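One letter stands for each residue in the lines below.
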Amino acid sequence: MPEVESPAPPPEPLRPEPRQPRPNAPGLDAPVIRLPNIGPAFAQKLEKLGVETVRDLLYLLPHRYDDFSQLRTIDKLKFGEEVTIIGTVWDIRTRDIGNDRKMVTARVGDGTGEIQMTWFNPWIEKQLRVGQAYSFGGKVETYRSDLVMRGPEFEPLDRALLSTGRLAPVYPLTEGLSVRWLRNVIKLALDAWGADLPDFLPEPIRRSNGLLTLAEAITQIHFPDNHERLAAAHRRLSFDEFLLLQLGVLSARERFRGAPARPLRAGAEVIAPFVERLPFALTAAQSRALREIAVDLESDRPMGRLLQGDVGSGKTAVAAAALWAAVANGSQGAIMAPTEILAEQHARSFGRMFAAQVNPTSGQPVRVALLTGAMSAGEREETLAALGRGEIDLAVGTHALIQKGVEFRDLALAVVDEQHRFGVEQRAALRQKGVQPHMLVMSATPIPRSLALTLYGDLDVSVIDEMPAGRTPIRTKWLTSSQRERAYGFIRRQVAEGRQAFIVYPLVEESPVSEARAAVEEHARLSANIFPELRLGLLHGRLKGEEKDSMMRAFGAGELDILVATSVVEVGIDVPNATVIMIEGAERFGLAQLHQFRGRVGRGEHPSYCILVSDVAEGEGVRRLEALENNTDGFALAQIDLELRGPGDFFGTRQSGLPPLKTAELSDLRTLEDAREAAKAVFRADPELAVPEHRELAAQVAQFWRGGGDIS
Ligand code: ADP
Ligand code: MG
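Residues numbered from 1 in each chain as written. Chains lettered and ligands numbered in written order. Predicted model: local features only at pLDDT ≥ 70, side-chain atom pairs only at ≥ 80, totals over all residues. Heavy atoms only, no water.

Student: Quick question: what am I supposed to make of unusual backbone geometry here?
Tutor: Where the residue is not glycine, phi is negative for most of them; where a peptide bond is considered, it is trans in most cases. Of note, Arg-144 is a non-glycine position whose phi angle comes to about 50°, a positive value. Relative to the assigned elements, Arg-144 resides in the loop between β5 (133-143) and β6 (146-150). (Helix = DSSP H or I, 4+ residues; strand = E, 2+ residues; numbered from the N terminus.)

Student: Just to check I follow, could you spell out the site of ligand 1 for this structure?
Tutor: Taken together, 16 residues form the shell around ligand 1, and within it Gly-312, Lys-315, Thr-316, Arg-471 and Asp-574 come nearest. At 3.0 Å, a backbone N or O of Gly-314 approaches an oxygen atom of ligand 1. Between ligand 1 and Arg-603 there is a distance of 2.7 Å, counted from an oxygen atom to a side-chain nitrogen or oxygen. Burial of ligand 1 by the surrounding chains reaches 83%, relative to a free accessible area of 560 Å². (Near = heavy atom within 4 Å. Polar contact = N/O pair within 3.5 Å; in protein donor to acceptor, adjacent residues only side chain to side chain. Areas by Shrake-Rupley, 256 points an atom, 1.4 Å probe, with all protein chains shown as cover.)

Student: Mind showing me how you'd approach the packing of helix α8 (residues 268-276) against helix α10 (residues 315-328) here?
Tutor: Helix packing for two helices is described by the angle between their axes and how far apart those axes are. Contact geometry of α8 with α10 gives a least axis separation of 9 Å together with a crossing angle of 130°. Judged on the interaxial angle alone, α10 and α8 are oblique. In the crossing of α8 with α10, the sense of the turn from one axis to the other is right-handed. Across the interface between the two elements, Val-270, Ile-271, Phe-274 and Val-275 of α8 pack against Ala-317, Ala-320, Ala-321, Trp-324, Ala-325 and Ala-328 of α10. Partitioned by chemical class, the residues of the contact of α8 with α10 number ten nonpolar, no polar and no charged. (Axes fitted to C-alpha atoms, helices over the stretch in contact; angles between N-to-C directions. Parallel < 35°, antiparallel > 145°, perpendicular 65-115°, else oblique. Left-handed = near helix turned anticlockwise from the far one by under 90°. Contact = heavy atoms within 4.5 Å. Nonpolar A, V, L, I, M, F, W, Y, C, P; charged D, E, K, R; others polar.)

Student: I tried to follow the sheet that holds strand β20 (residues 578-583) on my own but got confused; where do I start?
Tutor: The strands that make up a sheet pair up through hydrogen bonds in the backbone, lying either parallel or antiparallel. Pairing is parallel in the open sheet, where six strands are placed in the order β16-β21-β20-β17-β19-β18. With one partner strand each, in any of the chains shown, β16 (475-479) and β18 (536-539) form the two edges of the open sheet. For this sheet, the mean inter-axis angle between neighbouring strands, taken without regard to orientation, is 20°. Inspection of the sheet shows β18 paired to strand β19 (residues 562-565) by four bridges, in the parallel sense. By the bridge assignment for β19, Leu-536 is matched with Ile-562. Relative to β20, helix α15 (residues 484-496) is tilted by about 165°, and along the sheet it contacts β16, β17 (500-504), β19, β20 and β21 (609-613). Sheet strands touched by helix α19 (residues 620-630): β16 and β21. Its angle to β16, the strand with the most contacts, is close to 150°. (Pairing = 2+ DSSP bridges.)

Student: Hey, could you run me through the sheet that holds strand β10 (residues 332-336) in this one?
Tutor: The strand order β11-β12-β10-β13-β14-β9-β15 describes an open sheet built from seven strands, whose pairing is parallel. Edge strands, defined here as strands with exactly one partner in the open sheet, are β11 (368-371) and β15 (460-464). Here the average twist between neighbouring strands, direction ignored, is 20°. Contacting β9 (304-309), β13 (411-416), β14 (438-443) and β15, helix α9 (residues 284-297) crosses the sheet at an angle of about 160° to β15. Contacting β10, β11 and β12 (394-397), helix α12 (residues 377-389) runs over the sheet at an angle of about 135° to β11.

Student: Just checking my understanding: could you explain the pairing of β11 for this structure?
Tutor: Both faces of the sheet carry side chains from a regular strand, because those side chains alternate between them. Residue alternation in β11 divides its side chains into a buried set, Ala-369 and Leu-371, and an unburied set, Val-368 and Leu-370. Strand direction decides the pairing type here: β11 and β12, joined by four bridges, are parallel. Residue Ala-369 lies in a different strand from β12, and its bridge partner there is Ala-395. Regarding the hand of the β-α-β motif, the stretch spanning β11, α12 and β12 is right-handed. (Buried < 20%, exposed > 50% of the residue type's maximum accessible area, 1.4 Å probe, protein only. Right-handed = clockwise from strand over helix to strand, strands pointing away.)

Student: Please clarify how a negative patch on the surface should be interpreted in this entry.
Tutor: Together, Glu-379, Glu-382, Glu-546 and Glu-547 line one region of the surface with negative charge. Taken together, the elements giving at least two residues each to the negative patch come down to α12 and α17 (545-556). Turning to its location among the elements, Glu-547 is positioned in helix α17. Overall, Glu-547 belongs to the partly exposed group, its relative accessible area being 36%. (Patch = residues over 30% accessible without salt bridge, like charges linked within 9 Å, V, L, I, M, F, W, Y side chains within 5 Å. Salt bridge = Lys/Arg side-chain N within 4 Å of Asp/Glu carboxyl O. Lys, Arg positive; Asp, Glu negative; His and termini not counted. Charge placed at Lys NZ, Arg CZ, Asp CG, Glu CD.)

Student: Is there a simple way to explain the side chain of Thr-53 in this structure?
Tutor: Within the fold, Thr-53 resides in the loop between α1 (40-48) and α2 (54-58). Not counting the four nearest positions on each side in its chain, Thr-53 is found in contact with Leu-28, Asp-29, Ala-30, Pro-31 and Val-32.

Student: Can you walk me through the pairing of strand β8 (residues 167-170) in this structure?
Tutor: What you see with β8 is no split at all: Leu-167 and Pro-169 on one side and Ala-168 and Val-170 on the other are buried throughout. Note that strand β1 (residues 64-67) and β8 share four bridges and pair antiparallel. When the bridges of β8 are listed, Arg-64 appears paired with Val-170.

Student: Explanation requested: the packing of aromatic side chains in the structure shown.
Tutor: Enumeration according to the criterion identifies 13 aromatic pairs in this entry. Judged by centre distance (6.1 Å) and plane angle (15°), the rings of Phe-274 and Trp-324 are stacked. Within this pair, whereas Phe-274 is found in helix α8, its partner Trp-324 is found in helix α10, the two being separated by 50 residues in sequence. Residue classification places Trp-324 among the buried positions, given a relative accessible area of 6%. Ring geometry for Phe-589 versus Phe-597: centroids 4.8 Å apart, planes at 85°, classification edge-to-face. Accessibility classification places Phe-589 together with Phe-597 in one group, the buried group. By the ring-pair criterion, three or more aromatic residues cluster together here, those being Trp-119, Tyr-134, Phe-136 and Phe-154. Lying across the ring of Phe-120, Arg-101 places its NZ or CZ 4.8 Å from the centre. (Phe/Tyr/Trp six-rings, centres within 6.5 Å; stacked < 30°, edge-to-face > 60°. Lys NZ or Arg CZ within 6 Å of the ring centre and 35° of its normal.)

Student: Hey, could you run me through the environment of Phe-68 in this one?
Tutor: Along the chain, Phe-68 turns up in the loop between β1 and β2 (82-96). For the pair Phe-68 and Ser-163, spaced 95 residues apart in the sequence, the C-alpha separation amounts to 7.9 Å. Contacts of Phe-68, omitting those with residues within four sequence positions, involve Glu-82, Val-83, Thr-84, Gly-137, Gly-138, Glu-153, Ser-163, Thr-164, Gly-165, Arg-166 and Ala-168.

Student: Got a minute to help me understand the confidence of the model for the chain in this structure?
Tutor: Atomic detail in the predicted coordinates should be set aside for any region of low pLDDT. On average, the chain scores 85 in pLDDT, and the residues at 70 or more come to 89%. Note on residues 1-11: pLDDT under 50 across the span, and 21 contacts to partners over four residues away in sequence or across chains. In the predicted structure, residues 511-517 sits below a pLDDT of 50 and forms 13 contacts with residues beyond four places in sequence or in another chain. (pLDDT = per-residue confidence, 0-100.)

This is how it looks when you write it as structure tokens:
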């Protein structure tokens with residue numbers, strides 16, 4: 001029986017090894033194959049992880065860590081803990097366990113006790129030597145009543161510990177690459193090249209934000225000394241991404257806002273005559289937003305403003321007043337909406353709001369024209385000609401507005417409604433219809449401010465945080481399908497009181513009929529069996545533009561009691577007499593979309609109701625529906641949505657045209673704000689990033705934005 005050794009001392013924190021001689025001294029951008037132990041086969045496997053150069057390898061970030069930082073003596077081990085122990089192998093044996101499988105068992109002692117370890121990998125026997133001490137990292141489990149470790153990681157003690165005794169990095173893996181192998185090559189690359197990582201961050205920014213150097217951060221993100229150092233490394237790398245992001249955003253903004261715009265007169269003498277003729281008084285929040293917009297319009301810098309306001313808060317009237325300013329200044333305005341129904345509705349309400357207004361230049365009534373894909377070629381041609389001659393003051397339309405051949409005589413203000421429905425290119429295309437026009441983008445789906453700043457560039461933000469007076473909050477109730485009759489009864493009573501209702505079904509193409517019944521069939525069934533005495537309309541995306549329009553008009557005019565619809569009613573539809581919206585298969589819709597649906601009611605003086613029908617019993621769907629039942633505030637829901645879906649998914653950052661973020665999380669507001677401040681300071685001092693101390697930074701910005709991203 002060998003003598004019991006005293007436990008080995010704890011390992012030192014990882015320090016870079018003395019620098020290795022570098023074969024052919026390849027730079028950071030050299031292919032990984034130049035590393036001593038990477039041949040073509042490994043290089044190919046690394047390529048699958050997106051790693052081609054040494055720099056890529058250093059930036060192949062762990063997606064999690066095994067916490068083997070807790071060093072324990074064997075007598076102190078507890079079931080279930082993840083630990084590292086340092087001990088000597090006393091005995092090792094391999095046995096067949098059938099099915100061609102072998103189990104290796106080692107007995108390891110550290111002077112305080114002994115523990116058995118097992119692996120199902122016959123090679124282990126060759127890697128461990130009896131009488132030798134190792135560091136073992138793994139989870140403490142039990143076999144019969146003894147504590148054991150199954151498949152622990154281990155390393156000899158004469159080298160820096162990469163897999164045990166620490167927070168051990170775990171990387172995304174590909175077939176044929178082991179985590180131990182990756183840890184080793186990354187450690188090699190760090191030792192040889194880590195110190196060469198030029199810190200592109202100007203020293204004063206790094207210091208004033210209390211950030212690690214890049215070399216430290218990259219070392220610590222792979223092999224953190226402890227949790228604090230890991231957090232510091234994470235913060236530095238997140239800061240970098242946010243900074244590069246914001247610098248790109250700022251320079252894009254400069255490109256479109258650098259050249260002067262034409263200032264528009266937008267003082268009270270211009271705006272008030274329009275506002276006074278609206279059928280209602282603006283809320284305080286609407287007035288404030290309008291004042292902010294007016295100040296922008298009067299400036300010779302093109303406006304770039306996001307107007308946020310919950311569903312029903314009255315963004316359209318604010319946009320209309322701003323567009324009026326364009327007309328009053330002898331120019332043109334445009335508003336683009338994501339659907340034909342919405343564009344048609346805007347055209348109608350603009351028709352009403354502008355009916356009493358006269359274009360001061362022409363002395364003619366203000367002319368509003370609709371431009372959609374549903375128009376005949378003849379109509380379209382006529383409209384385009386009038387637009388080009390400046391006979392049309394305001395163009396209201398869908399994507400048709402940004403098509404080739406659409407030319408304005410003088411577009412001074414472009415408005416994008418429901419702007420998250422449009423991609424960056426589309427917003428940019430609208431801007432290009434004018435010479436440095438002012439831009440107003442509107443969102444009924446509230447976006448947390450930090451996200452807005454990141455996703456939409458350095459837009460200024462106005463918020464309408466108040467509903468028009470007299471609205472009663474919408475009551476929301478979640479029913480199961482077996483309670484559907486109750487909902488029908490409720491709708492019947494509302495209609496008897498003179499109100500109207502929506503019944504919404506998930507999109508025909510996207511849903512198996514069995515789960516959520518198609519609107520078309522449901523319309524037939526509801527008309528024949530449930531509401532034979534009522535007038536039912538049907539609205540879905542496959543109807544022709546004019547059919548949709550006449551259906552909406554009939555519903556709006558109270559000629560229909562119930563509108564059976566697919567998600568086409570989601571945005572913007574405004575029928576103040578509608579007081580119930582019943583949403584079938586509610587769990588199939590996202591939270592923002594459900595909130596949009598709900599915003600179709602509660603737009604008039606009558607109390608309104610939202611009925612969610614769903615049999616979902618668990619998971620995110622439940623949380624979404626509960627959130628909707630318990631919250632009426634769009635901003636609160638946006639926050640919940642962000643938490644449920646994660647920022648990556650929120651409104652699709654892809655659509656926003658942003659480069660992907662590897663480390664930074666959009667919910668990390670503090671780092672985002674700090675990086676934004678830093679970016680603004682850099683940009684103020686040196687917008688072209690031309691001075692020598694910004695050269696590396698400029699290269700990083702270019703690399704970060706490579707291939708992606710136009711920001712509007
Ligand atoms: P959203 O912000 O969702 O686009 P809308 O602009 O469609 O909202 O406005 C919703 C409804 O509220 C419309 O019927 C509009 O005419 C009405 N509205 C807007 N502003 C006011 C106000 N200040 N007072 C009363 N009703 C208003
Ligand atoms: Mg709207």
